[in-house]
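Listed here are the chains, written in short residue letters.
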Amino acid sequence: MRSTAGGTRAVVVDDSRFMRTLIGNLLEEGGIEVVAEAGDGVEAVETVAEHAPDVVTMDIEMPRMNGLDAVERIMSECPTPVLMLSAHAEEDADVTFEALDRGAVDFVTKPGGEVTSEMGRVKRELVDKVRSAAAVDLSVAGHNSPPAARPAAAGGAPSTGAATGVSEGATVVVGASTGGPSVVEGLLGALPPEAGLRVLVVQHMPEGFTSRFAKRLDGRSGYEVREARDGERVGPGEARVAPGGSHLVVDDDRAGRLRLKLRGGDRVHGVKPAIDLTMSSAAETVKGPLTTVLLTGMGKDGVDGMAAVKRAGGRTIAQDERTSAIFGMPKRAIEAGYADEVLPAEEIAEGIVATLRN
């Protein structure tokens, strides 16, 4: 992990001079030192090698070398945390996730060129994401690769969980932030479909990207994974991802199926969806066994939610420091005494099943 006594140093990469200036100004106003700029991928690789910044903000579409290839070159030649700046559009989600696969540590929606009342929020989000990306431990990030997807339960019928000794209707809530997507993919891929769990995932991610994330998870696990919809019911063998821009809460638990609600309102801990709200609502509403998992990420979202689950008699698991790209959220939960178990990423799926056995 890189660190500097003088604060976070960044290189801004974008083929638009206007956008480089805008992003640079927002970062400087937020206390981030912009040490250099680059107008394409080739220049980006050279500039990062010359200035050794703590973090790079990277555009995707650029001449000579695009952002995807630049990320791969940087991670190969001069490993540095890279934050992708992606247009706010569903069609850009695939290429953004490919950037994560190639070594980028996180992404954020690129600010628009117009000055609006939202600019203050945009600046806070950008600065927070840059600081979070700069704190990523590159010796960990990207090394929690998802395993091959497990086959679905025979016949595709909902499982009772008997094969694994897990009570029917057991519920799992997973919360993650920076560094989380690959860990979540690995976790869901390792959960046995025959356990018949009801799974809720809250990954800090912008609106427009969570539906694509859910599709990735669906293809890499034996669970039916979708982006959550307001008012839907979720039963055994099904997983839902909280949509970016909405808080996800559990509203009811009847006949083995959870009813989900999407809520607007203010951001909590600067994020929406907030892990705390989903976990706390599950603690109040879920009938039967409940386990919550808090994964890598900066900040304290999920800590109060885990406390609520623990008070309600549920079980709690935190990711350990060795496998966390950012040991922030899980560390706070552990220090507060809210984590029943602390496990490396590769053992969490097994740990979940162990907590839910009859």
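Here, the structure is the one placed above.
Residues numbered from 1 in each chain as written. Predicted model: local features only at pLDDT ≥ 70, side-chain atom pairs only at ≥ 80, totals over all residues. Heavy atoms only, no water.

Trainee: Looking at this structure, I do not really get helix α7 (residues 210-219). What am I missing?
Mentor: What sets the pattern is the α-helix's 3.6 residues per turn: residues three or four places apart point alike. Among the residues making up α7, those that are buried are T210, S211, F213, A214, R216 and L217. In the core, the buried residues of α7 are packed alongside α4 (93-102), α6 (180-190), β7 (198-203), β8 (224-227) and β10 (238-241). (Buried < 20%, exposed > 50% of the residue type's maximum accessible area, 1.4 Å probe, protein only. Helix = DSSP H or I, 4+ residues; strand = E, 2+ residues; numbered from the N terminus. Contact = heavy atoms within 4.5 Å.)

Trainee: Sorry, what's going on with the environment of S177 here?
Mentor: Tracing the backbone through its elements, the reader meets S177 in the loop between β6 (171-176) and α6. Exposure remark for S177: the relative accessible area of 9% places this residue in the buried category. For the pair S177 and I275, spaced 98 residues apart in sequence, the C-alpha to C-alpha distance is 9.4 Å. Those residues within four positions of S177 in sequence are excluded, and the remaining contacts are Q203, H204, T296, G297 and M329. Looking at S177, its side chain comes within polar contact range of the side chain of H204, at 2.9 Å. (Polar contact = N/O pair within 3.5 Å; in protein donor to acceptor, adjacent residues only side chain to side chain.)

Trainee: Help me out: how do you make sense of the sheet that holds strand β11 (residues 247-254) in this one?
Mentor: By definition, the strands of a sheet pair up through backbone hydrogen bonds, in either a parallel or an antiparallel sense. Pairing is antiparallel across the open sheet formed by three strands, whose spatial order is β9-β12-β11. Each end of this open sheet is capped by a strand with a single partner; those strands are β9 (233-234) and β11. (Pairing = 2+ DSSP bridges.)

Trainee: Can you help me understand unusual backbone geometry in this one?
Mentor: Most peptide bonds adopt trans geometry, and most residues besides glycine take a negative phi value. Following K272, the chain continues into P273 via a peptide bond in cis, with omega recorded as 20 degrees. As for its position among the elements, P273 is in the loop between β12 (257-263) and α8 (275-285). Positive phi values are uncommon outside glycine, yet A52 reaches one of about 45 degrees. Take A52: it is sitting in the loop between α2 (41-51) and β3 (55-58). Its identity is not glycine, yet R64 carries a phi of approximately 65 degrees, on the positive side. On the accessibility criterion, R64 (65% relative accessible area) is exposed.

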